[in-house]
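Coordinate analysis (summary)
This is what each chain is made of:
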Amino acid sequence: MSTDNSAGGNNGAENGDRSGTPEIRVHGLHKSFGDNEVLRGIDLEVASGEVVCVIGPSGSGKSTLLRCVNLLEEPSKGQVFVGGTEITDPDVDIDAVRRRIGMVFQQFNLFPHLTVTDNLTLPQRRVLGRDKEAAAKVAAENLRRVGLSEKATAYPGSLSGGQQQRVAIARALAMGPQVMLFDEPTSALDPELVGDVLAVMRMLADEGMTMMVVTHEMSFAREVADRVVFMDGGVIVEQGPPSQVIGSPTHERTRHFLSRLLDPAMAEVEDTPPPEPDKSV
Amino acid sequence: MTETDTRVQPRRRGLTRSQKRAVSRGVQYAVFVAALVALGLTADWDQLRNQFAQVDLAERMFPDIITLALKNTVLYTVSGFVFGLALGVVVALMRLSSVGPYRWLAGIYIEIFRGLPALLIFIFVGVAVPLAFPGTEIPGGTYGKVALALGLVAAAYMAETIRAGIQAVPKGQMEAARSLGFSHARAMVSIIIPQAFRIVIPPLTNELVLLFKDSSLVLFLGVTLEERELSKFGRDLASETANSTPILVAGLCYLLVTIPLGFVVRRLEAKAGEATK
C-alpha cells in the first residue's frame, strides 16, 4: 500500500514536470441552473497522466464540474480546455472533442438493446468510422482488459452492476480517449461489487491514463489519486496530495465532511446547507 | 412493513365476508341468465336466421372474399400503416424539436387529425386533393389514396405514441451516446429510436388493429370491383341478394385477423413488462 502511494507520488511529480500544457484546464468556471448557482468560479488543472479525485458533500457541484469538462453541461461562464483545445469555444466541434474524453456514469448507461460487444463496436463504427473487424478487435481487447471477455455476447440486463460498469469503462476505452472522467462510478453498486470496478480504475491509473474521478471512495482516493480536490458550495475549498487533504485537512469544512463520512451517525446531527463559501485556495 | 397485522379482528355482525361474496356472485349470475332468457324469448330467431345465416349464400362468397376482399383490406391497412409510421416518426421528432415552429406545426397536425373523423379525411383526400392539385395523380391509384388517408390519420396517433416512447428512453442513454462522440441526430437514429420502438411496439400493433377496421372507409373513395375490400364486398353482395349473410361473413373475416392480432399485442405487452423489470 505504502509503495503504491510513493509510486503515485513519483508519477505526480513526473507529470508536474512535463505539464507544459495540462490535459484539462478549467478557468473561472461558473454554472447556474436558474437562480441556483452550482459552480462559483472553479480553477483547476489536470496534468497528463495525473489522477485527480474530486470529493465533497452532495450538492457541492463536483458532478456538475465533471459534466462541464465534456460539455454535457454548458458552463454559464468561464473556459474549459481539453488537450489544449478550448471546448467552450462555440465554434469547436464538440463531437470531435468528446471522442478524446471517455466518460463513465454512475448509472452505467449501457445501451440495453445491444450486446456487450455491440455496445463497444457501434460507437467505434458510427463515430470513428472503423470497419467491423477492426472495431471487434478493439472491443475484444478492451473487454479482456476489464476481465469480461466471457460476457461478449451477453446483454447488459443479464450482468451485475459491477460487470455493467466495467463494460461501460471498456466501451469508453475502446474509443481511445486521452482523458477519462468518472462520475461516482461505484455509487450505484452493491458494496461487494465495488472492488472489481475500482481494480479496473486502478489499472488504468497505473497505465498512466489521465483521470478525473468524482467519488466517495476515500480509500481509493487515498491510494490511487495523485491529488485530491475537496469541493463544497460550488468552490474548491482545498486540494493537494491525498495524505494532506484526507490525512490532515487544513480547512474546517474538509474536516467536517471527512468526519461525517467516517462516522455516518454525525450526518444526522448536522444536515444544514453549506455555509457561505469563502474563496480560499 | 413485512409483518402483517396479527391482532384478532372483532367479529362483525351479519354475514361474513365470504358469505357476502357468494351472495354478490349469485346475483350477478341471476342477472346474466335473466338477460339471456329475455333475449331468447323476444328476438325473432327465424327472421335472423333467414337474413344472416344463408349457408349457400355464404358459400358463394368463397374464395373471392379471401383472395380479393381480405387481400385488399390487408394491402390497404399495411400501406396506410407504413406511410403513417414514417410520417408519425417525423411528426414525433418535430414535436420534440428545439425549433419552436416545428413543435407548433406538429402539435397542430396532431390536434387536427386526431380530432377529425377518419371518414371526413377520406372524403377530403378523395375530393379536395384532386381539386387542389389538378393534374397530379396520387401515385398508386386507389392504394395510394388509401395509404395517404389512412396514413394521415394514423400518423397523428402514432406520433404521440412514438414521442412518448422516445421520452421514455432514460436521459442517460443520450448522454452516454453524446459523450462517446455521437452527434444528436446520430444518437437519435442509432441509440434512442431503436429503444423507443421496443417500448411502442404494443401500442403500434394496437394502432394496426384500428387501421384494419378503418380501411373499410375506402368505400367512400369509390373503388373498382377489383379494389373492393371486406366491407364493400360484403355490402355489395348483401344488396345484390337482398340478404345480410355476406355482412356477417365479412365481419367474421375481420375477426379472423383482429383477434389473433389482439392476442399478439397482449403477448408483446407482457414481454415488454418483463423486459423493463
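Residues numbered from 1 in each chain as written. Chains lettered and ligands numbered in written order. Predicted model: local features only at pLDDT ≥ 70, side-chain atom pairs only at ≥ 80, totals over all residues. Heavy atoms only, no water.

As recorded in an unreviewed UniProt entry, chain B goes by Amino acid ABC transporter permease and comes from Streptomyces tauricus. What UniProt states about chain B under its Sequence similarities (unreviewed entry) heading is, verbatim, "Belongs to the binding-protein-dependent transport system permease family. HisMQ subfamily." On record in UniProt, under Subcellular location (unreviewed entry), the comment for chain B is "Cell membrane". (UniProt positions renumbered as here; feature names shortened; annotations may be inferred.)

Turning to the overall build of chain A, a few remarks are in order. Assigned secondary structure in chain A consists of 11 helices and 10 strands. Each of the 281 residues in chain A was classed as buried or not, and the buried ones make up 52%. Here the contacts in chain A between residues at least 6 apart in sequence split such that 66% fall between residues at least 24 apart. Roughly 12300 Å² of accessible area belongs to chain A as shown, and the carbon and sulfur atoms make up 48% of that amount. (Helix = DSSP H or I, 4+ residues; strand = E, 2+ residues; numbered from the N terminus. Buried < 20%, exposed > 50% of the residue type's maximum accessible area, 1.4 Å probe, protein only. Contact = heavy atoms within 4.5 Å. Areas by Shrake-Rupley, 256 points an atom, 1.4 Å probe, with all protein chains shown as cover.)

With that settled, the discussion passes to the pairing of strand 7 (residues 179-183) of chain A. Residues and elements named next belong to chain A. With five of its five residues buried, strand 7 lies for the most part within the structure. The side-chain alternation of strand 7 yields two buried faces, one formed by Val179, Leu181 and Asp183 and the other by Met180 and Phe182. Bridge analysis of strand 6 (residues 101-104) against strand 7 gives four bridges, and the strand direction is parallel. Directly across from Val104, in strand 7, lies its bridge partner Phe182. Both strand 7 and strand 8 (residues 210-214) contribute to a ladder of five bridges, which runs parallel. If you follow Phe182 over to strand 8, its bridge partner there is Val213. As a crossover connection, the stretch from strand 7 through helix 7 (residues 191-206) into strand 8 is right-handed. (Pairing = 2+ DSSP bridges. Right-handed = clockwise from strand over helix to strand, strands pointing away.)

We now examine the sheet that holds strand 5 (residues 85-86) of chain A. All names here are of chain A. One open sheet holds the four strands; their spatial order is 2-1-4-5, and the pairing between them is antiparallel. A strand with exactly one partner marks an edge of an open sheet, and here the two such strands are strand 2 (36-46) and strand 5. Sheet topology note: the strand 4 (residues 77-82)/strand 5 ladder contains two bridges and is antiparallel. When the sheet's bridge partners are listed, Phe81 is paired in strand 5 with Glu86. Contacts between helix 2 (residues 62-69) and the sheet are confined to strand 1 (24-33), strand 2 and strand 4, with strand 1 contributing the most and set at about 120° to the helix. (Axes fitted to C-alpha atoms, helices over the stretch in contact; angles between N-to-C directions.)

Between chain A and chain B, the residue contacts involve 22 residues of the former and 17 residues of the latter. Counting the contacts that link chain A with chain B gives two salt bridges. In this structure, the salt-bridge partner of Arg178(B) is Asp95(A), at a minimum N-O distance of 3.2 Å. Taken together, the links from chain A to chain B amount to six residue pairs in polar contact (both at pLDDT 80 or more). Contributing elements (two or more residues each) for the side of chain A that touches chain B: helix 3 (94-98), strand 6, helix 4 (116-128) and helix 6 (161-173) of chain A. Ranked by the residues each element gives to the side of chain A that touches chain B, the list is headed by helix 4 of chain A, at four residues. A per-class count over the side of chain A that touches chain B returns 13 nonpolar, three polar and six charged. (Salt bridge = Lys/Arg side-chain N within 4 Å of Asp/Glu carboxyl O. Polar contact = N/O pair within 3.5 Å; in protein donor to acceptor, adjacent residues only side chain to side chain. Nonpolar A, V, L, I, M, F, W, Y, C, P; charged D, E, K, R; others polar.)

Residue and element names in this part refer to chain B. UniProt marks residues 22-43, 74-94, 115-134, 146-166, 187-205 and 247-265 with the feature "transmembrane region" (unreviewed entry), using the numbering shown here. Taken end to end, residues 22-43 is 95% helix and 0% strand, and its two terminal C-alpha atoms sit 32 Å from one another. Helix makes up 100% of residues 146-166 and strand makes up 0%, while its end C-alpha atoms are separated by 28 Å.

Formed by 82 residues in total, the largest nonpolar core has its most connected members in Val26(A), Ile42(A), Leu65(A), Leu181(A) and Met212(A). Residue contributions to this core peak at 12 residues, all from helix 7 (residues 141-168) of chain B. Once residues within four sequence positions are removed from consideration, Met212(A) is found in contact with Ile24(A), Leu44(A), Val46(A), Val52(A), Val54(A), Leu65(A), Leu66(A), Val69(A), Met180(A), Leu181(A) and Phe182(A). Ala205(A), Val224(A), Val235(A) and Ile246(A) belong to the second largest nonpolar core, which has 47 residues in total. (Core = buried A, V, L, I, M, F, W, Y, C linked by side-chain atoms within 4.5 Å.)

Residue and element names in this part refer to chain B. The N-to-C vectors of helix 7 and helix 9 (residues 184-214) enclose an angle of 140°; their axes lie 8 Å apart at closest approach. Considering only the axes of helix 7 and helix 9, their crossing is right-handed. Residue-level contacts link Leu150, Ala154, Tyr157, Met158, Thr161, Ile162, Gly165, Ile166 and Ala168 of helix 7 to Met188, Ile192, Ile193, Ala196, Ile199, Val200, Pro203, Leu204, Glu207, Leu211 and Asp214 of helix 9. Class assignment for the residues of the contact of helix 7 with helix 9 results in 16 nonpolar, two polar and two charged. (Left-handed = near helix turned anticlockwise from the far one by under 90°.)

Attention now goes to unusual backbone geometry. Although it is not a glycine, Asn109(A) sits at a positive phi angle of roughly 55°. Structurally, the position occupied by Asn109(A) is in the loop between strand 6 and helix 4. Look at Ala242(B): it is not a glycine, yet its phi comes out positive at around 55°. With respect to the secondary-structure elements, Ala242(B) resides in the loop between helix 10 (230-241) and helix 11 (245-275). Of the residues examined, Ala242(B) reaches a relative accessible area of 64% and is grouped as exposed.

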